[in-house]
Every structure is written in structure tokens, then in C-alpha cells.
Amino acid sequence: MDYSKILPEKVVKMKPSGIRKFFDIANEMDNVISLGVGEPDFQTPWTIRDAAILSLERGQTRYTSNWGLMELRKEIANYLKRRFDISYDPKNEIVVTVGGSEGIDICIRALLNEGDEVLIPEPCFVCYDPIVSLCGGVPVPVPTKAEDNFRLTPEALKARITPKTKLLILPYPNNPTGAVMRREHLEAIAEVIRGTDIMVLSDEIYSELTYSSSHVSIASLEGMWERTIVINGFSKSYSMTGWRLGYACGPEPILHQMIKIHQFAIMCAPSTSQYAAIEALRHCDPQIRMMVEDYDMRRRLTADGFNRIGLSCFEPEGAFYVFPCIKSTGLSSEEFCEKLLFSKRVAVVPGNAFGASGEGYIRVSYSYSVEHIIEAIKRIEEFINTL
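Residues numbered from 1 in each chain as written. Predicted model: local features only at pLDDT ≥ 70, side-chain atom pairs only at ≥ 80, totals over all residues. Heavy atoms only, no water.

How would you sum up the overall build of the protein? Please name residues and give values.
The helix and strand tally for the protein stands at 13 helices and 12 strands. Scaling as 2.2 N^0.38, a compact globule of 387 residues should have a C-alpha radius of gyration of about 21 Å, and the protein matches this with 21 Å. Evaluated residue by residue, the protein yields a buried proportion of 57% over its 387 residues. Long-range contacts, defined here as pairs at least 24 residues apart, represent 76% of the contacts in the protein between residues at least 6 apart. Counting 42 positive and 50 negative side-chain charges, the protein places the averaged centre of each group 2 Å from the other. (Helix = DSSP H or I, 4+ residues; strand = E, 2+ residues; numbered from the N terminus. Rg over C-alpha atoms; globule rule 2.2 N^0.38 Å. Buried < 20%, exposed > 50% of the residue type's maximum accessible area, 1.4 Å probe, protein only. Contact = heavy atoms within 4.5 Å. Lys, Arg positive; Asp, Glu negative; His and termini not counted. Charge placed at Lys NZ, Arg CZ, Asp CG, Glu CD.)

Which residues make up the environment of Ser214, and what are the values?
In this fold, Ser214 is placed in the loop between β6 (199-203) and β7 (228-233). C-alpha separation for the pair Ser214 and Met297, spaced 83 residues apart in sequence, amounts to 17 Å.

With reference to specific residues and values, describe the pairing of strand β8 (residues 246-249).
The two faces of β8 match: Gly246 and Ala248 on one face and Tyr247 and Cys249 on the other face are all buried. Here β7 runs beside β8; their pairing, made up of four bridges, is antiparallel. Counterpart to Gly233 in the pairing with β8 is Gly246. (Pairing = 2+ DSSP bridges.)

Go over helix α12 (residues 333-344) with me, naming the residues and quoting the values.
Here α12 spans 16 Å end to end across 12 residues, near enough to the 16 Å set by a 1.5 Å rise per residue. Of all the positions in α12, only Ser333, Phe336, Cys337, Leu340 and Leu341 are classed as buried. When α12 is viewed along its axis, its buried side chains cluster within an angular range of 120° and face the same direction. Within two residues after α12, Arg345 carries a phi angle of roughly 60°, on the positive side. (Expected span 1.5 Å × (residues − 1). Arc of directions from axis to C-beta.)

Describe the nonpolar core, and please don't skip the residues or the numbers.
When a protein is soluble and globular, its nonpolar side chains tend to lie buried together. Counting 67 residues, the largest nonpolar core has Leu72, Phe234, Tyr238 and Phe306 as its most contacted members. What Tyr238 contacts, discounting residues up to four positions off in sequence, is Thr44, Pro45, Ile48, Tyr79, Ala280, Leu281, Cys284, Ile288 and Met291. Grouped together as the second largest cluster of nonpolar side chains are 31 residues, Leu152, Val200, Cys325 and Phe354 included. (Core = buried A, V, L, I, M, F, W, Y, C linked by side-chain atoms within 4.5 Å.)

How would you sum up the packing of helix α4 (residues 70-84) against helix α10 (residues 271-283)? Please name residues and give values.
Between two packed helices, what matters for the description is the angle formed by their axes and the separation of those axes. Relative orientation of the contacting elements α4 and α10 amounts to 30°, with a least axis distance of 9 Å. It follows from the interaxial angle that α4 and α10 lie roughly parallel. Considering the relative orientation of α4 and α10, their crossing is left-handed. Contacts from Glu71, Leu72, Glu75, Ile76, Tyr79 and Arg82 in α4 reach Gln274, Ala277, Ile278, Leu281 and Arg282 in α10. Of the residues assigned to the contact of α4 with α10, the class counts are six nonpolar, one polar and four charged. (Axes fitted to C-alpha atoms, helices over the stretch in contact; angles between N-to-C directions. Parallel < 35°, antiparallel > 145°, perpendicular 65-115°, else oblique. Left-handed = near helix turned anticlockwise from the far one by under 90°. Nonpolar A, V, L, I, M, F, W, Y, C, P; charged D, E, K, R; others polar.)

Please give an account of unusual backbone geometry that cites residues and values.
In this structure, Pro123 follows Glu122 across a cis peptide bond, with omega equal to 0°. As for its position among the elements, Pro123 is in the loop between β3 (117-122) and α6 (128-134). Of note, the bond from Tyr172 into Pro173 is cis; its omega dihedral lies within 30 degrees of zero at -5°. Residue position: Pro173 is located in the loop between β5 (165-170) and α8 (183-193). Its identity is not glycine, yet Asn31 carries a phi of approximately 60°, on the positive side. Locating Asn31 in the fold gives a position in the loop between α2 (18-27) and β1 (33-34).

Requested: an account of the side chain of Ser365, with residues and values cited.
Tracing the chain through its elements places Ser365 in strand β12 (residues 362-365). Note on Ser365: relative accessible area 0%, which makes it buried. Setting aside residues up to four positions removed in sequence, Ser365 forms contacts with Leu35, Val37, Gly38, Phe320 and Tyr321.

Outline the sheet that holds strand β4 (residues 138-143), supporting the account with residue identities and numerical values.
Strands sit in the order β2-β8-β7-β6-β5-β3-β4 across an open sheet of seven strands; the sheet is mixed. Taken across any chain shown, the strands that pair with only one partner, and hence form the sheet edges, are β2 (94-97) and β4. Across the sheet, the mean angle separating the axes of adjacent strands is 20° when strand polarity is ignored. The strands touched by α4 are β2 and β8; relative to β2, the strand with the most contacts, the crossing angle is about 110°.

Below is the structure:
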């Protein structure tokens, strides 16, 4: 069969994840230090694992409500109120999803008509652009700059708004840059959005991983709750990546459209993961604080290491990535990463995997051991000295 006649053009044109490309190559090689994948190196806390095991022993393995366990949704509502001062009705303003990624997907699919424009600050996580395109929307990149600490500025936002703008994606704390939007920065963005029909998808999966300030959700600002869908989850803050559990929160009319897509595509999130998440929200604040303290130490170690070897690196304030500039080497981001991998066995991710404005940078995750970070920076310094 000629599959080129069968496969949809928009799927064929979709580029594979630039993150996974280098990860897969590194997996086939020996003696590789990988700082490429954004996955905590901490084990899921025992108390969470015990809760999951107990649910299995009790035979709690059936489908849950499409919305998720009510007990879990109540805990999510309590958590969001306690930590970020935003209120949601667990009955119809919170849906439990298969990771934050599904929440992003069903939010975009529920909001977009063909031709609607979506503003996406770049550099950013790799999934937003493809999902928008699959929905028939038009991704509109909004470049952010190192001199602005990779924050979205109101001036850059205003310059990209058109009558077709439907949605702004706000991915902070940011993957890959580690940038954070503080309250005053969010207020400036909210001032641009208020009075329009533009919705906001606020991807807050790294909300607990902030270092120099507390996380603020744009949904907590005046006039923004009713136009914001908040996406969050358990992968990063609770070291539960493989459990695949997240949630989306927002106004009931929007959530009722999202739940229809969720019903037909997924049905419900895994029941075992949901029981584990109840325990995480109730009792694991101390474990979060411990992990954040450790990440903070690694953050300073990694950023200082790159600045020391001559690759300028602004100090990230959130997530667990640094985004050093490699323009001084004369290599493109992909050339740098390929040569580094094959010559020194260190895997990092080229900045252009996160959008065109990421060219000239690399993403390095410090969610790895101190020993790996120190050895990786040593090898990168050796590599630079050979150029």
C-alpha cells in the first residue's frame, strides 16, 4: 500500500520530540551521562507507594468517575486553596487526567475552532505547537529573551494579538529555561488580557519547584479566574512521573466540554494512581520541601558550573533546568549536542527543540545526582577546549 495517500498531512509533517531524539541515541551508547530528560531522580515517597499498594490489596481497581475520585478532587481543591489561594468546586470545576499532558490536550481541543490563533511563549515545552496544529489552530510563537530572564513581556504579547487570537498558553515555571513569572509580571500580562475574549491555559506543572519566590497562579489575579484553565499534576513535585496523573481546573462551562473529550478518549485516569495521589496531597508537603532544597543546591551548582566554563547561564528561578548559551562556540544547538554526545558521551537537549528562539542554547536538567552533574560539566569543559 502507498501509505503516503492514507496518512494525514498534518500528522506526517509533525516533527518528533527533539528531547527524545537525543535520549534514544544516548540509550544505545555506553558510558553516557544524560542530563536530557526532565524526570526527578528521587523515588516516589514510600507513603505514596504504600497507599497505592493498599488500594490494590483492597481490590480498588475499578473504573472511577470520568471526573476522577471525588475524594481526590476534594484534596486537589484543598491543596490549590492552601498553596495558591485559588478556589474550585470539586464537583464540576476539576477533572483528573492522565498526566498534565492530557489536560493540556483536552483544554486546547475544547477551545479551538479551525483557524483560531494560539499565542505560545518560546522557548517552551514541545507539546503545545503540535497539539494546536492537530486541532486546526494556528500556533503563534512569542519569543522571550535572555535579557528579560525569558519572561513573557506585555509588549511582546500585545504585538502578537490579532482578532483571531483565542488562547494564550502561559508555561511558568518554564521548561526549558527555568524562568518564573512573579506576581508583578503576571499582573502586567493580565492587564493586556482583561477586556478581551482571550482564554489562558496556565501550565503550572512546576509550581512547587520555585526557589527565590513563591509561585503565583494567574488564576488568582482579579478578573482572571473566569478565563483561565489551570493545568497541574503529580509528576514533578511528587516524583510520580510514571504514575501518569494530572488535573485540569477551570470554569464549569469549559470543564464540561473538556470532560466529553476525556470520556471518549480516556474514560478515566488510573484508579491506583488516584488513591496514591490522595496520600500525596494529604501528607507529603515535607517530602516536597526536602526535594526542593536538594534541587536548589543542584541548581546553583549547575548554573555556576556553566558560567565558570564560559557558557553564560542566567540563574533559573523554577523547574529543574538551566539554559546556557552556546553561541560563543560557533556551533548550532544541534551541532553542539551531537558533537558533545559522540565525543564526550554527555547528552543534553538542543535549545531549538523548544522553538526557534531556543537556537543558540542547550537545555540541561539538574534532576540528576551531584556526581553526574559535576562529571558532565567537566566533560563539557573538555569539549569546549577542543573547539
